[in-house]
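# An overview of the molecular structure
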Amino acid sequence: MSIEPQALSGLRVIDLSRWVAGEYASKLFADFGAEVIKIERPGEGSLTRRWGPFPGDVPDPEASALFLHLNTNKQSVALDLHDPADVEVLLTLIETADAVVESFRPGHLESLGIGPDVLRARNPRLVVTRISAFGQDGPNRDREATGLVLQAAGGPMNATGAADRAPLRKPGLLEHYTIGRSAGEATMAGIFHARRTGSGSVIDVSGQEVLLAGADRRASYLLSASYSGMVAPRGVRSPHRHGATFTGPFRTNDGFVMIYVTNQVFWNRLIDLAGADDPEFHERFHNMPTVSGQDREDFMAYIEAWCLANDKMDLMERCEEARIPVTAFMEVSELLAHEHFRGRGAFTEVEHPVAGTLTYTGAPWRMRGGHAIKTAAPLLDQHGARIREQNEQKASLA
C-alpha cells in the first residue's frame, strides 16, 4: 500500500542551530514531512540536550524533554565545523538542500569559512536563514542577549504587568518559540521564491524585531505611537468591577475556574445560574450595569462561596450549558486524558530508545498530507555513518 506524501515531502533542510528558536523553526519543516538533517557538535550535541526535565530527574543528553520535543522527525549527524573533512561533508549535504537554518552569533559562520556566500556557491538555490538576537548588522548586532533581554528589548515586558509595578516577563521559552515560528515562515517564503526564480536568498531574522512586531499587543502599541504619539500603558487596576467586564480566577473545591464575562448578556446568565436557588441575590444583581462599593463586596463574597462549593469540571460544564464563558484550569494529566482532545487525535505516542514511550502534541489543525510525528528525536550522530557513506559513494561516482 502506497503512503501519501506529506505536505513538505521532498524538501531538505539543514539545521545548524543549537538552541530553541532555530530548532523549532526546522521542527516545523520536519513534522510536515521535510527531511531535516541536524548538525551537532561531536561528543556534546545541541545545547538543548542539557536542559531538563529528564526521566527520573537523572540528566541524560539523550533524554532531555526539551530536545526530544524540538527535534522530532529529524536526523542527527555529528560534525566538527573546524575540521575540513567534516566541513566537506556539510557542503556536500548543502548541494541538495533547499534551506539552512543557523543561529550562531553574527559573523561566526564566516569565521569558519562557511558563510552564506560559500554555501550558496555550492548551491545557488539555497535559502540561508540566520537567527540572531539583534540582526546580522547594525550597532547592536554583537550585544549579548538572553530570552529575558529580548523580552525587555522587544517590548513584551513593557506591555505586561500592573502599571504600578515593575514590568513582568512572560514565562517559559515563549520568546524563542515566537522567533522560531517567524523564522520558519520566512524560510518557507524563501523556498517558494527560490522555486519561482531559481535563486536562493539570505534571510536575516532579528529576535528583537520579531518580538517588536508580535501580534500580542506590541504591533498595535507601535501603531498607536506612530499615529497619535500615545504610549499605551501596562494594565491599569480599576477600582470598580463592571457587570459587563467581570473576569477573574476563582477557587473551587478541587482547583480553579476562570470566569470571563464581557457583556450584560453573559452577566445575566451568570446571575441566573449562580442565583438559581437564591431569589434575593438574583433580584439584587440581575441587570445591574455596574457593581461597586458594598454591592461589589457582597457580590464577590457570594461568587467566591458559590465556586468553592463546586467541582471545577462540574462548574465548567454547567456554565457551558448556560452559555457562560467559564473554563476550568486543567492539569496536564487532565488535558492528556480529556475526551475532546483524545477524540480529535491531538496527541501522538512515539517510542524513543532511551526515554521510552512519550506523548507529544500534534498540530492544532487537520489537513490531508499534513503534520505527523513519525520518529522520535534522534540520538547524537544516529545517522552520521549512513550519511557519510552516501557522500563517499557520491564522490566515487563523480
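Attention in this report is confined to the structure presented alongside it. All figures in this text were calculated on a predicted structure; none of them were measured in a lab. The written sequence of each chain sets the order in which its residues are numbered from 1. With the structure being a predicted model, the display of local features is reserved for residues of pLDDT at least 70 and the display and counting of side-chain atom pairs for 80 or more, all residues being used for whole-chain, interface and lining totals. Excluded from the side-chain calculations are hydrogens and water; all other atoms, namely the structure's heavy atoms, are used.

### Concerning the overall build of the protein chain
Rule in force here: Secondary structure elements follow DSSP: runs of H or I of four or more residues count as helices, runs of E of two or more count as strands, with numbering from the N terminus. Whether a residue is buried, partly exposed or exposed follows from its accessible area with a 1.4 Å probe, protein chains only, as a fraction of its type maximum: under 20%, in between, or over 50%, in that order. By definition in these notes, contact holds between two residues if any of their heavy atoms fall within 4.5 Å. Methods summary: accessible areas were calculated by the Shrake-Rupley approach with a probe of 1.4 Å, and residue burial reflects only the protein chains presented.
Tallying secondary structure elements over the protein chain gives 16 helices and 13 strands in all. Considering the protein chain as a whole, with its 398 residues, one finds that 43% of them fall into the buried category. When contacts within the protein chain are restricted to residue pairs at least 6 apart in sequence, those whose partners lie at least 24 apart make up 68%. Carbon and sulfur atoms make up 56% of the accessible area of the protein chain, which totals about 20700 Å².

### So, the pattern of salt bridges
What counts is decided by this rule: Definition used for salt bridges: Asp or Glu carboxyl oxygen within 4 Å of a side-chain nitrogen of Lys or Arg.
A complete count under the given rule lists 20 salt bridges for this structure. The residue lysine 27 makes a salt bridge to aspartate 31 at a minimum N-O spacing of 2.8 Å. For lysine 27, a relative accessible area of 6% corresponds to the buried category. With a relative accessible area of 2%, aspartate 31 lands in the buried category. As a salt-bridge pair, glutamate 102 and arginine 130 come within 2.6 Å of each other at their nearest N and O atoms. Pair noted here: glutamate 102 is in strand E4 (residues 99–102) and arginine 130 is in strand E5 (residues 127–132), with a separation of 28 residues, a long-range link. Connected via shared salt-bridge partners are Asp15, Glu23, Lys38 and Lys74.

### Describing the sheet that holds strand E2 (residues 35–40)
Operational definition: Strands are treated as partners if at least two bridges between them are detected by DSSP. Fitted lines through C-alpha atoms serve as axes, helices being fitted only where they are in contact, and the angles separating the N-to-C directions of these axes extend from 0 to 180 degrees.
Sheet architecture is open: 6 strands sit in the order E3-E2-E1-E4-E5-E6, paired in parallel fashion. The open sheet terminates on both sides in strands that have one partner only, identified here as strand E3 (74–78) and strand E6 (201–206). This sheet shows a mean twist of 20° between the axes of neighbouring strands, independent of strand direction. Sheet analysis places strand E1 (residues 12–15) next to E4, joined by 3 bridges and oriented parallel. Counted as the bridge partner of valine 13 is alanine 99 from E4. Those strands touched by helix H7 (residues 174–197) are E4, E5 and E6, and its axis lies near 160° from that of E5. Packing against the sheet, helix H16 (residues 384–397) makes contact with E2 and E3, and its axis sits at approximately 75° to E3.

### Details of the sheet that holds strand E11 (residues 326–328)
Here 3 strands make up an open sheet; going across it, the order is E8-E9-E11 and the pairing antiparallel. With partners counted over all chains shown, the strands left at the sheet margins are strand E8 (246–252) and E11, one partner each. Put simply, the sheet's adjacent strands are angled 20° from each other on average, direction ignored. Note that strand E9 (residues 255–261) and E11 share 3 bridges and pair antiparallel. What sits directly across from isoleucine 259, in E11, is valine 326. The sheet strands contacting helix H12 (residues 293–308) are E8 and E9, and the helix crosses E8 at an angle near 45°. Its contacts with the sheet place helix H13 (residues 312–321) against E8, E9 and E11, and it is angled at close to 155° to E11.

### Brief notes about the packing of aromatic side chains
A ring pair, where both rings are aromatic, is described by two values, the distance of the centres and the angle of the planes. Note the cut-off: Pairing of aromatic rings covers Phe, Tyr and Trp, the last through its six-membered ring, and needs centres within 6.5 Å; plane angles under 30 degrees mean stacked, over 60 mean edge-to-face, and all others mean tilted. We call a charge positioned above a ring when the Lys NZ or Arg CZ atom is no farther than 6 Å from the ring centre and deviates by at most 35 degrees from the ring normal.
Applying the stated rule across the entire model yields 9 aromatic pairs. Residues phenylalanine 256 and phenylalanine 329 carry aromatic rings whose centres are separated by 6.5 Å and whose planes lie at 80° to one another, so their mutual orientation is edge-to-face. In this pair, phenylalanine 256 sits in strand E9 while phenylalanine 329 sits in the loop between E11 and helix H14 (332–337), placing the two residues 73 residues apart along the sequence. Accessibility expressed as a relative area gives 33% for phenylalanine 256, which makes it partly exposed. Among the aromatic residues, those joined into a ring-pair cluster are Trp267, Phe281, Phe285, Phe299 and Tyr302. Of note, arginine 49 hangs over the ring of phenylalanine 67, and the distance from its end group to the ring centre comes to 3.8 Å.

### Concerning H7
In an α-helix, one full turn covers 3.6 residues, which means residues spaced three or four apart are oriented alike. The criterion, for reference: Expected helix span is computed as 1.5 Å times (number of residues minus one).
The end-to-end C-alpha separation of H7 is 35 Å, in line with the 34 Å expected for 24 residues at 1.5 Å each. Turning to H7, its buried residues number three or more, namely Glu175, His176, Ile179, Gly180, Ala183, Gly184, Thr187, Met188, Gly190, Ile191 and Ala194.

### Some thoughts on a negative patch on the surface
We count it as follows: Surface patches are drawn from residues lacking salt bridges whose relative accessible area is over 30%; two like charges belong together within 9 Å, two nonpolar side chains (Val, Leu, Ile, Met, Phe, Trp, Tyr) within 5 Å. We score Asp and Glu as negative and Lys and Arg as positive, and we do not count His or the chain ends. Where a charge sits is defined by one atom per residue type, namely NZ (Lys), CZ (Arg), CG (Asp) or CD (Glu).
There is a patch of like negative charges on the surface, built from Asp254, Asp311, Asp314, Glu317, Glu320, Glu321 and Glu339. Taking the relative accessible area as the measure of exposure, aspartate 314 reaches 34% and is therefore partly exposed.

### So, helix H10 (residues 264–274)
Rules: Polar contacts, as used here, are pairs of N or O atoms within 3.5 Å; protein pairs need one atom able to donate a hydrogen and one able to accept it. Residues neighboring in sequence count only if both atoms are side-chain atoms.
Within H10 the residues assigned to the buried category are Phe266, Trp267, Asn268, Leu270, Ile271, Leu273 and Ala274. Contacts made by the buried residues of H10 are with E8, E9, helix H11 (279–285), strand E10 (290–291), H12 and H13. Between a side-chain oxygen at the N-terminus of H10 and the backbone nitrogen of valine 265 the separation is 3.1 Å; the capping residue is asparagine 263.

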